[in-house]
Each structure stands twice: as structure tokens, then as C-alpha cells.
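Structural features, examined
Below, each chain spelled out in residue letters.
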Amino acid sequence: QATEKILDLSFEEKIKNILKNDKNNLIKFKIIDKLDDPEFFQIAKKSDLVISLGSAWIFKKRHIENCKYIVNLHCTDLPRWRGGAPTSWRILSGINYGSVTLHKINEKIDDGDIIYSKKYIFPDSCKTPIEYDNYTNKMAINFLFEFIKNFDIYKAKLIPKAQQKEFSSYFPRLSSEIHGCINWDWNPLQIVRFIKAFDDPYKGAFSRISGSSQKVFLKKGMVLEGELSYHPFQSGIIFRKDHNGLYICANGGAILVSEIMDSNGKKINDKISLGSRLYSSFDDLEKSKSVSISYNSKGENIQQNSKLI
């Protein structure tokens, strides 16, 4: 599930809508506020299959033992990309494939034996996190209903396999307001990937403009081919404007950004003067690397300092 409020429906909301619109009333469902709700145990004991979809809870032994067959649907290539904000982290890494993974649930996070995993390539039309997530949701929903329909066959056919821990990775959750600070020392490709990683549904990657302390948020970035190899001191300078957006110097090249917004999400391209410089303060850059974010079961973020453990 996305780590900030998203513009489109989340995967879980889409599933709820499918259930609510089930005109034949083939699937009965109950929404609970906590996993220890007595109704969870009543439903679990009666069910042949229990599926976790982006659960905000960690299942304990008492929950698992009350289920005949319990699995979690995870939309990454486990054991890679555990943790939060997997779409943004994949964009930063230049990865253009996703995966639907179904695994048994144990008392750890995303750790159980894998039952099924299928990779797929994202189409070129996917540019922003919301577009990647919508495509992932489509793949996940198609597989989920296929699995439910053929559960008896899959249950007998698919043999759980332990996750290959030597290939595991874990990345923390993100908040664009804190972690989306652009470092103008990066090269054009690194900056564009960063802008894409915090694009819709998020607020955008942020910077500040010379002469002002207010944050601005950048979206829809692309690397400009054939531009001059600009010096690092020129990084962040807006050297051209037209109907396509703002052209900005970067370390060794240049980028085009179609949208720059203020903190209220209002586009301010026309208000930015040629020759202005986008910059990031030392405090912003330090905070982006020193602060970690946690989210409670209601989706509210809790800011906390990183700790060595």
C-alpha cells in the first residue's frame, strides 16, 4: 500500500469495491478495526482460505493457528524490496519490472515460504508511481481471483519454497515532505529518477528557489539529450522556459521539468524567472537522510529519528 494518501483507489479499496458490488452476494465480508476482534477468529475458523492484502497488522501465532490456510499477497519480488515504498525505491534503482508473490504467513514481516511468484515488465506508459501501482494492482487482482477460483488445484499443486535470504533487501518507508529533497550535485539521470519516484500520487520532489525560503515541488522530469555538459556550479539554474516547462542545468547535462508547484499544489511555472536557481539547504538534505518514518494502522505517519540497533 502507498505510504501517503493516493489520488487513485488503493489496491485494498478496489478489492472492497469489488466485494460491495457483488450483485449475486457470492462473497460475504466484514470490516474489522483490529486483528484480535473476535469476529476475525470466527471467520478464520470457518474459512478454507484467508488472504492478507497489505495488512497493517503483524499476524501472531494465535491468528495463524486459527486459519486453515493463510497467505499474503505481496507485490514485489520477495525477498527483494521488503519494507515500504517499493515502487519509489524501484524507480530510483532503474528497475522496470514488477512481481506478484504469494507467500505463507508467519510471525515475521514478508518472511514466509513462497507459494507462487510471477514477474512482469511494466509498459512504457508507466512514468509515475501511481501508474506503476495501477498496473501492479491490475496484475495482482487478476492473479488473486484466478487463485481463489482454482484454490483447490493450486493448494495441491504449489509447493511452498523458503525465501532465498541471500537475495533479500529491505528499504524504509518514505515521505515526500521529508525524503523528497533534490541534491543538485547529482547527474541528470539521477535527478530525473528522483523526481519520478516522488511524482503522482505524491506531492513531488522538492527544492527551494533563490531569493525565497519556500519549498517548491517538481514533477514530470526528463533528461535533455544533446544539451551542454554544464559545470556543477551551474546545477539548478533555470536557463530556458517555454510551453513544455522549465529547462534546468544539472551536473554534466540538463533536465526538463514540466511542472513546478507551490506547497498548495498550484502550478507556478509562470512565476519563476529565468536565471533563478533551484537549491536545497544543508538542513533539508541532512533531514532527508537522518529521519525515518513509521505509519500506524490508520495510515498516519509518525516521524522518528533513525537509531542504530
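Residues numbered from 1 in each chain as written. Predicted model: local features only at pLDDT ≥ 70, side-chain atom pairs only at ≥ 80, totals over all residues. Heavy atoms only, no water.

What follows is about the pairing of strand S10 (residues 245–250). Looking along a regular strand, one sees the side chains alternate between the two faces of the sheet. Among the six residues of S10, six are classified as buried, and the element is accordingly described as predominantly covered. Hairpin remark: strand S9 (residues 238–242) followed by S10, antiparallel, with two residues in the connecting loop. Both S10 and strand S11 (residues 253–261) contribute to a ladder of five bridges, which runs antiparallel. Within S11, the residue paired with Cys249 across the bridge is Ala254. Here S10 folds back onto S11 in antiparallel fashion, the turn holding two residues, of which Gly252 has a positive phi close to 90 degrees. (Buried < 20%, exposed > 50% of the residue type's maximum accessible area, 1.4 Å probe, protein only. Helix = DSSP H or I, 4+ residues; strand = E, 2+ residues; numbered from the N terminus. Pairing = 2+ DSSP bridges.)

Another point: the pairing of strand S4 (residues 97–104). With respect to burial, S4 is a largely interior element, six of its eight residues being buried. Pairing of S4 with strand S5 (residues 114–121), which is carried by seven bridges, proceeds in the antiparallel orientation. Along S5, the bridge assignment pairs Gly98 with Tyr120.

The full count for this structure, using the stated rule, is 18 aromatic pairs. Their ring planes at 55 degrees and their centres at 5.9 Å tell us that Tyr120 and Tyr135 sit as a pair that is tilted. Here Tyr120, found in strand S5, pairs with Tyr135, found in helix H5 (residues 129–149); they are 15 residues apart in sequence, far enough to count as distant. For Tyr120, a relative accessible area of 6% puts it in the buried group. Owing to a relative accessible area of 23%, Tyr135 belongs among the partly exposed residues under this scheme. An aromatic cluster is defined as three or more aromatic residues linked by ring pairs; in this entry it consists of Tyr69, Tyr116, Phe143, Phe147, Phe151 and Tyr154. We note Lys104 situated over the ring of Tyr69; from NZ or CZ to the ring centre the distance is 4.8 Å. The cationic tip of Arg240 hangs over the ring face of Tyr247; the distance from NZ or CZ to the ring centre is 4.8 Å. (Phe/Tyr/Trp six-rings, centres within 6.5 Å; stacked < 30°, edge-to-face > 60°. Lys NZ or Arg CZ within 6 Å of the ring centre and 35° of its normal.)

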